[in-house]
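Structural characterization, general
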Amino acid sequence: MAATRPAVVALTALAPVSWGSTYAVTTEFLPPDRPLFTGLMRALPAGLLLLALARVLPRGAWWGKAAVLGALNIGAFFPLLFLAAYRMPGGMAAVVGSVGPLLVVGLSALLLGQRPTARSVLTGVVAASGVSLVVLEAAGGLDALGVLAALASTASMSTGTVLAKRWGRPDGVGPLALTGWQLTAGGLLVAPLALLVEGAPPALDGTAIGGYLYLALANTALAYWLWFRGIGRLSATQVTFLGPLSPLTAAVIGWAALGEALGPVQLAGMVLAFGATLAGQRAPRPRGAVAVGEPFSSASQKRRKDSMDLTGAALRR
């Protein structure tokens with residue numbers, strides 16, 4: 001694990017662990033059938049809070065980049081995620097979403113010049129298989145629209161993760177500001193759609209208000225700050241292989257709080273998925289391939305290394 005910083009990995013892992021509670025909070029505490037409004041309430045308050053704390057706005061080309069990242073990671077991802085959560089059990093949505101690491105491996109080859117290895121592909125397959133064993137037995141029937149929404153949300157987040165790694169962040173801008181830009185941009189994108197498609201906001205009781213506060217503050221503002229901080233310090237594949245922690249957390253919450261059973265098959269799936277998560281942090285550098293574990297921060301630092309590799313290794317010209 002020489003190229004991995006254990007403390008950074010551990011802190012980044014808190015993000016998908018937090019996201020594992022999203023399905024339970026959505027189904028138990030929030031108004032039903034309001035995916036756009038729920039996505040808006042999760043994103044925009046968190047984004048505005050982080051903007052107020054960071055006090056930094058994008059400049060130049062970063063207005064466009066922040067809008068693209070906000071659309072992929074937030075504006076499209078949140079509504080699609082909640083649409084999937086409303087239309088089918090969280091277990092089935094988790095199975096569909098578990099292909100995220102494989103998508104990131106492929107996108108990293110296209111956008112980062114990061115050559116996929118048999119080990120990374122195998123690790124992704126094992127992670128998806130482990131998640132499937134954990135949640136598929138209780139996942140229930142298929143819903144075509146829900147499956148499409150889950151696939152689209154996974155593709156959107158995977159693309160956003162790789163682009164965030166490719167672009168890094170501007171000089172002098174920390175992950176707090178970058179996270180605030182994306183959450184605000186995504187929330188502003190969802191706001192008119194929510195009003196147009198779902199109409200006026202629903203009446204909220206104390207339970208719903210508490211649920212939205214949790215999603216906005218802990219589940220989004222804090223978790224996404226940790227996630228984008230991790231993207232800046234780890235490789236895209238290392239970050240995305242933390243993703244299986246989300247459905248594993250959801251399964252544990254279902255067992256501990258909702259009375260759901262965890263049998264031998266589910267426990268075996270947990271071991272597989274968690275093992276794949278650990279293996280994803282130890283991906284070696286294949287001979288002649290691009291390094292996948294070295295961090296980067298800003299464009300100027302990469303130029304000083306005479307590098308065109310956005311994962312950190314210099315390509316000799």
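Parameters and conventions
- Residues numbered from 1 in each chain as written.
- Predicted model: local features only at pLDDT ≥ 70, side-chain atom pairs only at ≥ 80, totals over all residues.
- Heavy atoms only, no water.
- Helix = DSSP H or I, 4+ residues; strand = E, 2+ residues; numbered from the N terminus.
- Buried < 20%, exposed > 50% of the residue type's maximum accessible area, 1.4 Å probe, protein only.
- Contact = heavy atoms within 4.5 Å.
- Expected span 1.5 Å × (residues − 1).
- Bend = angle between axes of the 7 residues up to and from the residue.
- Axes fitted to C-alpha atoms, helices over the stretch in contact; angles between N-to-C directions.
- Left-handed = near helix turned anticlockwise from the far one by under 90°.
- Nonpolar A, V, L, I, M, F, W, Y, C, P; charged D, E, K, R; others polar.
- Core = buried A, V, L, I, M, F, W, Y, C linked by side-chain atoms within 4.5 Å.
- Polar contact = N/O pair within 3.5 Å; in protein donor to acceptor, adjacent residues only side chain to side chain.
- Phe/Tyr/Trp six-rings, centres within 6.5 Å; stacked < 30°, edge-to-face > 60°.
- pLDDT = per-residue confidence, 0-100.

1. A short note on the side chain of Thr-161
With respect to the element layout, Thr-161 can be found in helix α8 (residues 144-167). Residue Thr-161 is classed as buried on the basis of its relative accessible area of 3%. Contacts of Thr-161, omitting those with residues within four sequence positions, involve Asn-73, Trp-227 and Ile-231.

2. Let's talk about helix α4 (residues 62-87)
Its 26 residues give α4 an end-to-end C-alpha distance of 36 Å, which sits within 8% of 38 Å, the value for a rise of 1.5 Å per residue. Residue Ala-71 marks the point of greatest curvature in α4, where the axis turns by about 45°.

3. Some remarks on the packing of α4 against helix α9 (residues 175-198)
One way to put it is that α4 packs onto α9 with a least axis distance of 7 Å and a crossing angle of 60°. When you trace α4 past α9, the crossing you get is right-handed. For the pair α4 and α9, contact is made by Trp-62, Ala-66, Ala-67, Leu-69, Gly-70, Ala-71, Asn-73, Ile-74, Gly-75, Phe-78 and Pro-79 and by Leu-178, Trp-181, Gln-182, Leu-183, Ala-185, Gly-186, Gly-187, Leu-189 and Val-190, respectively. Tallied by class, residues from the contact of α4 with α9 come to 14 nonpolar, six polar and no charged.

4. Comments concerning unusual backbone geometry
The phi dihedral of Asp-33 falls on the positive side, at around 60°, and the residue is not glycine. Assignment of secondary structure puts Asp-33 in the loop between α2 (22-29) and α3 (35-54). Residues other than glycine seldom take positive phi values, yet Arg-55 does so here, at roughly 55°. As for its position among the elements, Arg-55 is in the loop between α3 and α4. For Arg-55, a relative accessible area of 75% gives the class exposed.

5. Quick word on the nonpolar core
By size, the foremost hydrophobic cluster in this structure holds 44 residues, and its most contacted members are Trp-19, Phe-78, Trp-181, Tyr-224 and Trp-227. Looking at this core, the elements with two or more residues in it are α1 (6-19), α2, α3, α4, α8, α9 and α10 (206-233). The dominant element in this core, judged by the number of residues it contributes, is α4, at 11 residues.

6. Side note on the side chain of Lys-165
Along the polypeptide, Lys-165 turns up in helix α8. Reaching out from Lys-165, the side chain makes a polar contact with the backbone oxygen of Ile-231 at a distance of 3.1 Å.

7. What about the environment of Leu-122?
Take Leu-122: it is sitting in helix α7 (residues 118-135). Taking the C-alpha atoms as reference points, Leu-122 and Leu-102, 20 residues apart in sequence, are found 9.1 Å from one another.

8. Details of the packing of aromatic side chains
For the coordinates displayed, the defined rule picks out seven aromatic pairs. Arranged with centres 5.6 Å apart and planes meeting at 90°, the rings of Phe-37 and Tyr-212 form a pair that is edge-to-face. Linking Phe-37 in helix α3 with Tyr-212 in helix α10, this pair joins segments that are 175 residues apart in sequence. Here the two residues Phe-37 and Tyr-212 agree in accessibility, since each one is buried. Counting every residue linked through ring pairs, the aromatic cluster contains Trp-19, Phe-77, Phe-78, Tyr-224, Trp-227 and Phe-228.

9. Let's talk about the confidence of the model for the protein
Chain-level pLDDT for the protein is 80 on average; 80% of the residues reach the 70-or-more range. Mean pLDDT across the elements of the protein bottoms out in helix α14 (residues 299-304) (43) and peaks in α9 (95). Per-residue pLDDT stays below 50 along residues 286-317; that stretch engages in 73 contacts with residues further than four places along the chain or on separate chains.

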